[in-house]
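# Topology and contacts: notes
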Amino acid sequence: MGIVNDVKTQEAARYAYEALQRGQYVLVYKFIEAQKNSLVTGPMTGVGEQIQAIESQGWQLTHMTAGEGKALSGERIAVVAMFRRTR
């Protein structure tokens, strides 16, 4: 998967775990992906793995949205996801 995506996945799992420890039952998380060409259909490298890492901590993905933007370093896709857990 790559070292950057591995780190992002570990960070997502850590944050989800900490949110559980704080007693949260709603978690909103933003995933950023660099896109070489936003007009091409294909996998969002690392995003699925990060979602799985959060869900492995007991969260369930309930809503998701995406936005596209340009930064100095190129095109970026932001995926904002809301996760819930039972109280």
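First, a word on scope: everything that follows refers to the structure included in this document. (Residues numbered from 1 in each chain as written. Predicted model: local features only at pLDDT ≥ 70, side-chain atom pairs only at ≥ 80, totals over all residues. Heavy atoms only, no water.)

A few words on the environment of M64. Among the structural elements, M64 can be located in strand β2 (residues 60–71). Separated by 18 residues in sequence, M64 and M82 place their C-alpha atoms 6.3 Å apart. Contacts of M64, omitting those with residues within four sequence positions, involve I51, V79, V80 and A81. (Helix = DSSP H or I, 4+ residues; strand = E, 2+ residues; numbered from the N terminus. Contact = heavy atoms within 4.5 Å.)

Viewed as axis vectors pointing N to C, helix α1 (residues 3–21) and helix α2 (residues 47–55) meet at an angle of 25°, and their least axial separation amounts to 8 Å. When the axes of α1 and α2 are compared, the pair comes out roughly parallel. In terms of crossing hand, the pair formed by α1 and α2 is right-handed. Residues K8, T9, A12, A13 and A16 of α1 touch α2, and the partners they reach there are E49, Q50, A53 and I54. Tallied by class, residues from the contact of α1 with α2 come to five nonpolar, two polar and two charged. (Axes fitted to C-alpha atoms, helices over the stretch in contact; angles between N-to-C directions. Parallel < 35°, antiparallel > 145°, perpendicular 65-115°, else oblique. Left-handed = near helix turned anticlockwise from the far one by under 90°. Nonpolar A, V, L, I, M, F, W, Y, C, P; charged D, E, K, R; others polar.)

For the rest of this paragraph, the subject is the pattern of salt bridges. In this structure the tally under the stated criterion is two salt bridges. A salt bridge links R14 to E11, with the shortest nitrogen-to-oxygen separation between them at 2.3 Å. A residue pair is termed a helical-turn pair when its members lie 3 or 4 positions apart in one helix, as R14 and E11 do in helix α1 at three residues. For R14, a relative accessible area of 37% corresponds to the partly exposed category. Owing to a relative accessible area of 33%, E11 belongs among the partly exposed residues under this scheme. A salt bridge links R14 to E18, with the shortest nitrogen-to-oxygen separation between them at 2.6 Å. With R14 and E18 both in helix α1 and four residues apart, the pair spans about one turn of that helix. (Salt bridge = Lys/Arg side-chain N within 4 Å of Asp/Glu carboxyl O. Buried < 20%, exposed > 50% of the residue type's maximum accessible area, 1.4 Å probe, protein only.)

Attention shifts here to α1. Along an α-helix, residues three or four apart share an orientation, since each turn contains 3.6 residues. With 19 residues, α1 extends 27 Å between its outermost C-alpha atoms, agreeing within 8% with the 27 Å of an ideal straight helix rising 1.5 Å per residue. Taken together, the buried positions of α1 are occupied by N5, T9, A12, A13, A16 and A19. Along the long axis of α1, the arc covered by the buried residues comes to 125°, so they all point the same way. Exposed side chains of α1 directed beyond 90 degrees from the buried face belong to I3, V4, Q10 and Q21. Where α1 is buried, its residues contact β1 (26–34) and α2. Where α1 ends, the next residue or the one after it, G23, has phi of about 85°, a positive value. (Expected span 1.5 Å × (residues − 1). Arc of directions from axis to C-beta.)

Once that is clear, we can look at the side chain of Q50. The topology assignment puts Q50 in helix α2. With a relative accessible area of 5%, Q50 lands in the buried category. If we ignore the near neighbours within four places in the chain, the residues touching Q50 are K8, T9, A12, Y29 and F31.

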